[in-house]
Amino acid sequence: MAKSLVEVHEKSKSYDWDFTVGDKTPKYPTRYIVPKTGKDPFRMLVRDYAKMEAEKDDRTYGFIDGSIRMRMADQIQPRFMEALKLTLPDLTNAEFQAVAGVGMIALSIQNQELRQGYHAQMMDEVRHTQLEMALRRYYVEHWRDPSGWDLAQKALYQHPGGLVSLALFQNFNTGDVIDSVINLNVVVETAYTNILLVATPQTAIANGDHALATTFLSIQSDESRHMANGYGTLFAVLQDHRNVDPLNEALERHFWHTHRGLDALVGWQSEYGAVVRPWTYKDQWQEWVADDFIGSYIDRFADHGVKPPTRLGKVAQDVPWIHHSTALALAAIWPLNFWRSDAMGPADMDWFEKNYPGWHDVYGGFWEGYAALADPEVGRLILQELPSLPPFCQVCQLPCIMPRPDKSEIRVFEYNGSKMAVCSEGCEWIFNRWPEAHAGRKSFWARYHGWDLADVIIDLGYIRPDGRTLMGQPTVDMKRPWTIDDIRRIGYEVKDPLAS
Amino acid sequence: MSEQPSRSAGVAAPAPRETVGISLMTSADTEAAVAMIREERPDVRISFREAFYKIEGEGVIEFDMARLSERLGRPIDTDIFLVNMSTYYGRMVVSDGVVAIHSDIQPERFRD
């Protein structure tokens, strides 16, 4: 008979001992008082971990093999696959940042049971990057338009959408390690990965991408243990009442920033990257974030002093809109994208208006204009229709047209002699709390101020192998694709809106 | 989605929800687990979403591996059961042959 998990787990903890030589100080200091006690709800042991992960890999890679045999990539909706060229590298960046973050946490938490959970998590994050790279290899070799997939990670870090990802996920390994746990394990993994990695697979299946659905669901099965790491750490630090205030502050900060980055990008992928939409993003947010995370998790910690974020109501107000504004911004800069940015047609616009009443008044005119200018023979870009380029938020890196272009909450200010902008009161609060963490990032527009748009595209390297055709296109079914010569003829000059 | 009242954002919660939930990716193991829980706990709510099943109930949801093995026709332990679990909410407890999710946030084991 197999040995009792409970007994073996208890025995393994008895092998813990204090260091008798060397520096006992945690490598990364924390302002929290971290007690020695703490529990892993999964009672994870290395032997069980290895067995479980081997089975997961067998199933997931086996499915990708099957997808190749059955030529399943041919079933994927082009619009879904094109949007994924941005969001999948975004996720891989999150995994990279989490590897570093979890390493810091494991080095600093003086509690063997929790530390073991974080060691397993670190291996998980590496596994996730491998799974995502395998998926990308599948797309490069089997998707009909691999352009963009071939340089996606490099392309991401140059692109404004990639800066949203960098700004958000660098929080995993920047600052206080317990703050990083609140960000990574509690807010991102317990609240937000559910929409990305559980609900979005339903959209993937509806749009023909079964390999993505299988891979994401397998990744999320590891995230479940990461949620438990967050829970175990939360409970450990709540044993000391002096930790309550900093914990609530960290929750406030990371909940706002995560809302900005992930509600914008995941909402965009799931609705503007889909032809078939099984649900609305706002409903998914209500279910997984407001009901399951706040209602069944954070509210249950109320007796221990944990409070829901004070900006929760504002987040709920903005969630129905910010991904539409993100879609508008990403479509407006389509020549700078490393994917084809599909136009929204009449059926899409009807769906948006039906599910987000008032949508057409704010966004409908833009999409009509976008479609009208899609043909390069027209010789004009939608960018030329904008009064000016919107500044990017110094904190979340979204364009300052949030929550909606007609209700922008932009704030412009000077910091150390430089003009900067933030998109909202929430991001302004985050900036002022720790300006040094955010002030150094150079804006995409500042980097290319005064450049011809054609030269920006060449500098980014977003050109197809023929040396002329752009990676980015304004629809997924161009009869005559745009080339760099078409852009050069227009003569559009990038102007940083914050330049004096 | 849970049939419990939605959590209104921006206002204090009258009382924390007692609801817990688990999402199992669609597979043979999962279909057996869903059939079992449907029989054992007619009160739980099960929603099929192509790629996964979301199972939600009040207080506690529990899967016994011995009973699941019998239904499946081959042995399954907690490790392999967890391969099928994409996510959950509530308090997870993995113990000998049982995976359970509780709404009670602080069990005895965490009080020491």
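Everything quoted here is computed from the prediction, not taken from an experiment.

Description of the overall build of chain A
Item 1. For chain A, the helix and strand inventory stands at 17 helices and 2 strands.
Item 2. At 23 Å, chain A has a C-alpha radius of gyration in line with the 23 Å of a compact globule built from 500 residues.
Item 3. Taken over 500 residues, chain A has a buried fraction of 54%.
Item 4. Partitioning the contacts of chain A with sequence separation of at least 6, the portion at a separation of at least 24 is 79%.

So, unusual backbone geometry
Residues and elements named next belong to chain A.
Item 1. Here the residue pair M402 and P403 is connected by a cis peptide bond, since its omega of -5 degrees sits within 30 degrees of zero.
Item 2. The backbone of R43 sits at a positive phi, close to 50 degrees, despite the residue not being glycine.
Item 3. Inspection of the secondary structure puts R43 in the loop between α1 (5-13) and α2 (46-69).
Item 4. With 25 C-beta atoms counted inside 10 Å, the residue R43 sits in the buried group.
Item 5. The backbone of Q397 sits at a positive phi, close to 70 degrees, despite the residue not being glycine.
Item 6. Inspection of the secondary structure assignment puts Q397 in the loop between α13 (359-372) and β1 (411-415).

Points about the interface of chain B and chain A
Item 1. Listed by partner, the interface residues are 38 residues for chain B and 43 residues for chain A.
Item 2. Of all the elements in the fold, those that place two or more residues in the side of chain B that touches chain A are β1 (19-25), α3 (78-83), β5 (85-89) and β6 (91-95) of chain B.
Item 3. In the side of chain B that touches chain A, the residues fall into 19 nonpolar, 10 polar and 9 charged.

Concerning the nonpolar core
Residues and elements named next belong to chain A.
Item 1. In this structure, C393 and I457 are the most contacted members of the largest nonpolar core, which totals 172 residues.
Item 2. Ranked by the residues each element gives to this core, the list is headed by helix α7 (residues 177-206), at 17 residues.
Item 3. Those residues in contact with I457 that sit more than four places away from it in its chain are P335, L336, Y462, I463, L470, I484 and I487.

With respect to the sheet that holds β6(B)
All names here are of chain B.
Item 1. If you walk across this open sheet you meet the 3 strands as β4-β7-β6, and the pairing is antiparallel. For this open sheet the edge positions go to β4 (60-64) and β6, each flanked by a neighbour on one side alone. The sheet shows a mean angle of 10 degrees between the axes of neighbouring strands, taken without regard to direction.
Item 2. Bridge count between β4 and strand β7 (residues 98-102): 5 bridges; the pairing is antiparallel. Its bridge partner being in β7, I61 is matched across the sheet by I101.
Item 3. Contacting β4 and β7, helix α2 (residues 65-72) runs over the sheet at an angle of about 55 degrees to β4.

Considering helix α1 (residues 28-40) of chain B
All names here are of chain B.
Item 1. Compared with the 18 Å implied by 1.5 Å per residue over 13 residues, the 18 Å span of α1 between its first and last C-alpha is a close match.
Item 2. All of the buried residues in α1 are A32, A33 and I37. Looking straight down α1, one finds its buried side chains confined to an arc of 130 degrees; they lie on one side. In α1, those exposed residues whose orientation departs by more than 90 degrees from the buried face are A28, R38 and E39.

Some details on the sheet that holds strand β3 (residues 52-58) of chain B
Residues and elements named next belong to chain B.
Item 1. Strand order in the open sheet formed by 4 strands is β2-β3-β1-β5, and the pairing between neighbours is antiparallel. Where the open sheet ends on each side, the last strands, each with one partner, are β2 (45-48) and β5. When strand polarity is set aside, the average angle formed by the axes of neighbouring strands in this sheet is 15 degrees.

Some details on α2(A)
Because each turn of an α-helix spans 3.6 residues, side chains separated by three or four positions end up pointing in the same direction.
Item 1. Between its terminal C-alpha atoms α2(A) stretches 34 Å, which fits the 34 Å expected from 24 residues at 1.5 Å a residue.
Item 2. For α2(A), the set of buried residues is D48(A), Y49(A), M52(A), K56(A), T60(A), I64(A) and S67(A).
Item 3. Against the buried residues of α2(A) lie α4 (112-142) and α8 (210-237) of chain A together with α3 of chain B.
Item 4. Once α2(A) ends, the next one or two residues include R71(A), with phi positive near 50 degrees.

A word on the confidence of the model for chain B
Item 1. Within chain B, residue pLDDT values average 88, and 85% of them lie at 70 or more.
Item 2. Interface predicted TM-score (ipTM) for the complex: 0.90; the corresponding pTM is 0.95.

What about the packing of helix α10 (residues 281-298) of chain A against helix α11 (residues 312-332) of chain A?
All names here are of chain A.
Item 1. Here α10 crosses α11 at 155 degrees, and the two axes come no closer than 9 Å. By the angle between their directions, the pair α10 and α11 is classed as roughly antiparallel. For α10 against α11, the interelement crossing comes out right-handed. Here α10 contributes Y281, K282, W285, A290 and I294 to the contact with α11, which in turn contributes L312, A316, V319, P320 and H323.
Item 2. Tallied by class, the residues present in the contact of α10 with α11 amount to 8 nonpolar, 1 polar and 1 charged.

Concerning the pairing of β3(B)
Residues and elements named next belong to chain B.
Item 1. Burial within β3 is extensive, with 6 of its 7 residues counted as buried.
Item 2. Inspection of the sheet shows β1 paired to β3 by 7 bridges, in the antiparallel sense. Looking at the pairing, V20 lines up with G57 of β3.
Item 3. The sheet contact formed by β2 and β3 spans 4 bridges and is antiparallel. Paired with R45 across the bridge in β3 is E56.
Item 4. The turn linking β2 back onto β3 is made up of 3 residues, and E50 within it adopts a positive phi angle of 60 degrees.

Quick notes on the rules
The residue count restarts for each chain, going from 1 along the sequence in the order it is written. Labels are handed out in written order, letters beginning with A for the chains and numbers beginning with 1 for the ligands. With the structure being a predicted model, the display of local features is reserved for residues of pLDDT at least 70 and the display and counting of side-chain atom pairs for 80 or more, all residues being used for whole-chain, interface and lining totals. Helix numbering and strand numbering both begin at the N terminus, where a helix is a DSSP run of H or I of at least 4 residues and a strand a DSSP run of E of at least 2. For the radius of gyration, the atom set is restricted to C-alpha positions; the globular benchmark scales as 2.2 Å times the number of residues to the power 0.38. Any residue whose C-beta has 12 or fewer other C-beta atoms within 10 Å is treated as exposed, any with 20 or more as buried, and any in between as partly exposed, C-beta atoms being built from the backbone. For every residue pair, C-beta atoms are placed from the backbone, and the pair is scored as a contact if these atoms sit within 7 Å. Here the term charged refers only to Asp, Glu, Lys and Arg, the term nonpolar to Ala, Val, Leu, Ile, Met, Phe, Trp, Tyr, Cys and Pro, and the term polar to all other amino acids, Gly among them. Each nonpolar core consists of buried Ala, Val, Leu, Ile, Met, Phe, Trp, Tyr and Cys residues. Their C-beta atoms, within 7 Å, join them into a set. Two strands form a pair only when DSSP identifies at least two bridges running between them. Note on method: axes are straight lines fitted to C-alpha atoms, helices fitted across the in-contact stretch only, with angles between N-to-C directions ranging 0 to 180 degrees. A helix is expected to span 1.5 Å for every residue after the first. The reported arc concerns the directions from the helix axis to the C-beta atoms and nothing else. A score from 0 to 100, pLDDT tells how confident the predictor is in each residue. Should an angle fall under 35 degrees it is called roughly parallel, over 145 degrees roughly antiparallel, and 65 to 115 degrees roughly perpendicular, with every other angle called oblique. Here a crossing is taken to be left-handed if its near helix is turned anticlockwise relative to the far helix by less than a right angle, and right-handed if that turn runs clockwise.

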